[in-house]
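# Breakdown of the fold
One-letter residues, chain by chain:
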Amino acid sequence: NISGALPSDVLFPDFGESLRQDFVRETELFFDSIIREGRGVSELLTADFTFLNERLAKHYGVAGVYGSDFRRVRLGGPNRRGLLGQGSILTVTSYAHRTSPVLRGHWVLKNLLGTPPPPPPPDVPSLEDNTVDASLPVRQRLAVHRENRSCARCHNPMDPIGFAFENFDAVGQWRTRESGQPVDATGRLPDGTRYDGVAGLEEGLLKRPELFVRTLTEKLLVFALGRGIEPSDAPAVRKIVRGAAEENYRFSAIILQIVASNPFTMRMTKSQNIP
């Protein structure tokens, strides 16, 4: 979805089509390396390296990278580790003029934990339509938004996760202040685990790695089967996750478990019987 992201030219004048393509290339190279190097899927969240060229390194504030070619770069700290520190994801989960803890929290719940919140009621006003002072940091504006009980139903699980990303602006650059105030990146997971910043969020997510692995398994199974996941697939998903755990959740182990699973082998058998 990065092709549809349109950050404000006024607020983010350095963002352009070249940087957009750099975002895509970074994520593609990173994901490819996890697969080809036989790494555990947890490194999608914790890997201490990424792939940068000079333009993207400058955007991230990483020194010592020159030229237009991408190369593997070891990261000096925890804030850019894995997918959650990459500009592609941070930009598609933002609005044109500001970050969105709501979109970012929803992305984590849906794509990493497999527990998306319910859709909002049709009569709930957007944050932009509220009378809350627009100069306030987004955290404070959302706090007022959640005072509406209808809003709180969806926002209570999303917002505390999305706040972990607030040190990243709408195009993925690091910041320490918002609206003249220090950024507050503290939050909590649905199970009550509290953390500070995206590095703390990653640690919290991986306290129960099987949740992330289950969600990833279901998404891979959709591609393998050519259909959505059904309740009858649940035993197979659990078996795949248990089998992959014995090999430290390596990406290749999950794939091998999928191709040996009943839903996949039954699909192959049926396809072979089609005239």
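A short tour of the structure in this document, coming up. (Residues numbered from 1 in each chain as written. Predicted model: local features only at pLDDT ≥ 70, side-chain atom pairs only at ≥ 80, totals over all residues. Heavy atoms only, no water.)

### Things to note about a nonpolar patch on the surface
This is how the line gets drawn: Surface patches are defined over residues having more than 30% relative accessible area and no salt bridge, joining like charges when they lie within 9 Å and nonpolar side chains (Val, Leu, Ile, Met, Phe, Trp, Tyr) when within 5 Å. A 1.4 Å probe and the Shrake-Rupley method give the accessible areas. Residues count as covered only by the protein chains that appear here. Any carboxyl oxygen of Asp or Glu within 4 Å of a side-chain nitrogen of Lys or Arg constitutes a salt bridge here. Labels follow the DSSP assignment, with helices taken as runs of H or I lasting at least four residues and strands as runs of E lasting at least two, numbered in each case from the N terminus.
A surface patch of nonpolar side chains, about 250 Å² in accessible area, is lined by Ile255, Leu256 and Val259. Tracing the sequence through the fold places valine 259 in helix α11 (residues 251–259).

### Describing the pairing of strand β1 (residues 49–52)
We apply this condition: The rule is simple: take the accessible area with a 1.4 Å probe, protein chains only, and divide by the maximum for that residue type; under 20% is buried, over 50% is exposed, in between is partly exposed. The pairing criterion for strands is at least two bridges between them, as found by DSSP.
Burial along β1 is two-sided: the face carrying Phe49 and Phe51 and the face carrying Thr50 and Leu52 are both buried. Sheet topology places β1 next to strand β2 (residues 71–74); four bridges connect them, and they run antiparallel. Paired with leucine 52 across the bridge in β2 is arginine 71.

### Notes on the packing of aromatic side chains
Convention followed: Stacked, edge-to-face and tilted labels apply to pairs of Phe, Tyr and Trp rings (six-membered ring for Trp) whose centres lie within 6.5 Å, assigned for plane angles under 30 degrees, over 60, and everything in between, in that order. Charge over a ring is defined by NZ of Lys or CZ of Arg lying within 6 Å of the ring centre and within 35 degrees of the ring normal.
Inspection of every chain in the model, using the stated rule, returns five aromatic pairs. Where phenylalanine 31 meets phenylalanine 251, the ring centres are 5.7 Å apart and the plane angle is 90°; that geometry is what we call edge-to-face. Within this pair, whereas phenylalanine 31 is found in helix α1 (residues 17–36), its partner phenylalanine 251 is found in helix α11, the two being separated by 220 residues in sequence. Geometrically, the ring pair formed by phenylalanine 168 and tryptophan 174 is edge-to-face, given 5.2 Å between the ring centres and 80° between the ring planes. Tryptophan 174 sits in the partly exposed class, given a relative accessible area of 38%. An aromatic cluster is defined as three or more aromatic residues linked by ring pairs; in this entry it consists of Phe30, Phe49 and Phe51. Seen from the ring of phenylalanine 49, arginine 72 lies directly overhead, with NZ or CZ sitting 3.8 Å from the centre. Geometry around tyrosine 60 places arginine 80 over its ring, the cationic atom sitting 3.9 Å from the centre.

### Section: the packing of helix α9 (residues 209–225) against helix α10 (residues 234–245)
The cut-off we apply is this: Lines fitted to the C-alpha atoms define the axes, with helices restricted to the stretch that makes contact. Angles between their N-to-C directions range from 0 to 180 degrees. Just so you know how the angles are binned, under 35 degrees is roughly parallel, over 145 roughly antiparallel, 65 to 115 roughly perpendicular, and the rest oblique. Here a crossing is called left-handed whenever its near helix is offset anticlockwise from the far helix by less than a right angle, and right-handed whenever the offset is clockwise. Contacts are assigned to residue pairs with any non-hydrogen atoms lying within 4.5 Å of each other. Polar here means any residue outside two lists: the nonpolar Ala, Val, Leu, Ile, Met, Phe, Trp, Tyr, Cys and Pro, and the charged Asp, Glu, Lys and Arg; Gly therefore counts as polar.
Relative orientation of the contacting elements α9 and α10 amounts to 120°, with a least axis distance of 10 Å. Regarding the angle of α9 to α10, the classification is oblique. In this structure, α9 crosses over α10, and the sense of that crossing is right-handed. Mapping the contact onto sequence places Glu210, Val213, Arg214, Thr217, Glu218 and Leu221 in α9 and Val237, Ile240 and Val241 in α10. When the residues that make up the contact of α9 with α10 are grouped by side-chain class, the tally is five nonpolar, one polar and three charged.

### Focus: the environment of threonine 186
Quick reminder of the rule: Here a polar contact means two N or O atoms within 3.5 Å. Within protein one must be a hydrogen donor candidate and the other an acceptor candidate, and residues neighboring in sequence count only if both atoms are side-chain atoms.
Assignment of secondary structure puts threonine 186 in strand β5 (residues 186–188). For threonine 186, a relative accessible area of 34% corresponds to the partly exposed category. For threonine 186, the side chain forms a polar contact with the side chain of aspartate 184, separated by 2.7 Å.

### Quick look at the nonpolar core
Short version of the rule: Here the nonpolar core consists of buried residues drawn from Ala, Val, Leu, Ile, Met, Phe, Trp, Tyr and Cys, with membership extended through side-chain atoms lying within 4.5 Å.
Val41, Leu201, Leu205 and Ile254 are the most contacted members of the largest nonpolar core, which has 44 residues in total. Here this core takes seven residues from α9, the largest share from any one element. Apart from the residues lying within four places of it in its own chain, the contact partners of valine 41 are Phe212, Val213, Leu216, Tyr249, Arg250, Phe251 and Ile254. Membership of the second largest hydrophobic core comes to 14 residues, among which are Ala5, Phe15, Tyr60 and Val65.

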